[in-house]
Amino acid sequence: MKIALHGKSITPEAIDCVKDLLQVLSEKSIDISMSKDFEKQLKKVKLSANPSRILLPGDDLSDIDFVLSLGGDGTMLDTIAYTAEYETPIVGINLGRLGFLATTPRGEINNAVNALVSGNFNVESRSLIHVDSNEELFAPFNFGLNEFTIVKKETSSMIVVHTYVDGEYLNAYWADGLIVSTPTGSTGYSLSCGGPLVHPRLKNFILTPVSPHNLNVRPIIVSDQSEITFEIEGRTNRFMVSLDSRSCSVDDKVKISVKRESFEAKLVRFDHNSYFDTLRQKLNWGVDARN
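- The chain goes by NAD kinase in an unreviewed UniProt entry, where it is assigned to Roseivirga ehrenbergii.
- In the Cofactor (unreviewed entry) part of its UniProt record, the chain is described as follows: "a divalent metal cation".

Structure below.
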């Protein structure tokens, strides 16, 4: 078996967990590759490993069986740039805090590796969002798992996002911005702006305005078979756009469209962990003195 490791930071509290992981992988004679970022983090905390390959985003992962994402949800989002069209299954080891995506707790690392070896797991497919633009935004990794956003920049004035679905005019959003979320991303930025929870197996995009001027403007769900295009205007000609954890500044001449990516993300789930379990745990559903 070949497993790749990716992480962006190793906190002092996580050092022992990472040490345990490296030990169990070695004991099971699993071939280890790791990202350049993770290799730097190991050196920083003075941990050693013998990786067979050092990986960069875009490298060929066709011979890798699993990628272990070590961190929180932000690390999971970053890992998608490595798996890309290879659709290598990702195991999210939660070394962070909330963890809607990285659902395997740090204390379950050994059990997780044993489950991978024995084949005792499920793989969920998650749709990705793809961004096209006349400015080649986010290229060559112009896809994301959670959401694409357009927001105002360095001004208290709202912006106007003219939005079209398959060429048909939807609305001019007078707001601080607009979020286009995948079902996976419905528990992220969209949720904090009043968007609905959408089960990740559904094939939709969620359009959620950020602080809209007109309170009658509500989130709307459309098919992810649609192409959504935008024209942006405001009192200034600079705006911010983001794709998951990456962001950049654009002007009002930019032409942007989003659609569903042709490939998917594959997330590993173990028998003891389901989507509804995660919702109840992370959102504290049912946490009441009466229960």
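This is not the end of the story, as more comes after the structure.
## A word on the domain arrangement of the chain
Then step 1. When the domains of the chain are assigned, the result is domain 1 (2-121 + 270-283) and domain 2 (129-261).
Then step 2. The centre of domain 1, based on its C-alpha atoms, is set 30 Å off from the matching centre of domain 2.
Then step 3. On the side of domain 2, 12 residues touch domain 1, which itself brings 12 residues to the contact.
Then step 4. Between domain 1 and domain 2, the buried area comes to about 1100 Å², and carbon and sulfur atoms account for 81% of it.
Then step 5. When the buried area of domain 1 at its contact with domain 2 is split by residue, L77, I80 and Y275 rank highest and sum to 45% of it.
Then step 6. Run the count over domain 1 and domain 2 and you get zero salt bridges.
Then step 7. At the junction of domain 1 with domain 2, the criterion picks out one residue pair in polar contact (both at pLDDT 80 or more).
Then step 8. When residues of the side of domain 1 that touches domain 2 are traced back to their parent elements, those giving at least two are α3 (73-83) and α6 (275-282).
Then step 9. For the side of domain 1 that touches domain 2, a count of residues per class yields 11 nonpolar, one polar and no charged.

## Re the UniProt feature "active site" (unreviewed entry) in the chain
Then step 1. Within this structure's numbering, the places UniProt gives as "active site" (unreviewed entry) are D73.
Then step 2. Relative to the helices and strands, D73 is located in helix α3.
Then step 3. If we skip the residues at most four places from it in the chain, D73 touches G99, F100, L101 and A102.
Then step 4. At 2.8 Å, the side chain of D73 forms a polar contact with the backbone nitrogen of F100.

## Things to note about the pattern of salt bridges
Then step 1. Here the structure, examined in full by the defined rule, presents 13 salt bridges.
Then step 2. With its nearest N and O atoms 3.4 Å apart, the salt bridge here joins E264 to K266. Both residues of the pair, E264 and K266, belong to the buried class.
Then step 3. A salt bridge links R280 to D277; the nearest nitrogen and oxygen atoms lie 2.3 Å apart. One end of the pair, R280, and the other, D277, are both in helix α6, three residues apart, so they sit about a helical turn from each other.
Then step 4. Given a relative accessible area of 41%, R280 falls into the partly exposed group.
Then step 5. The structure contains a network of salt bridges with shared partners spanning D224, R260, E264 and K266.

Criteria and cut-off values
Residues numbered from 1 in each chain as written. Predicted model: local features only at pLDDT ≥ 70, side-chain atom pairs only at ≥ 80, totals over all residues. Heavy atoms only, no water. UniProt positions renumbered as here; feature names shortened; annotations may be inferred. Domains from an automatic or database assignment. Contact = heavy atoms within 4.5 Å. Buried area = accessible area lost by both parts, 1.4 Å probe. Salt bridge = Lys/Arg side-chain N within 4 Å of Asp/Glu carboxyl O. Polar contact = N/O pair within 3.5 Å; in protein donor to acceptor, adjacent residues only side chain to side chain. Helix = DSSP H or I, 4+ residues; strand = E, 2+ residues; numbered from the N terminus. Nonpolar A, V, L, I, M, F, W, Y, C, P; charged D, E, K, R; others polar. Buried < 20%, exposed > 50% of the residue type's maximum accessible area, 1.4 Å probe, protein only.

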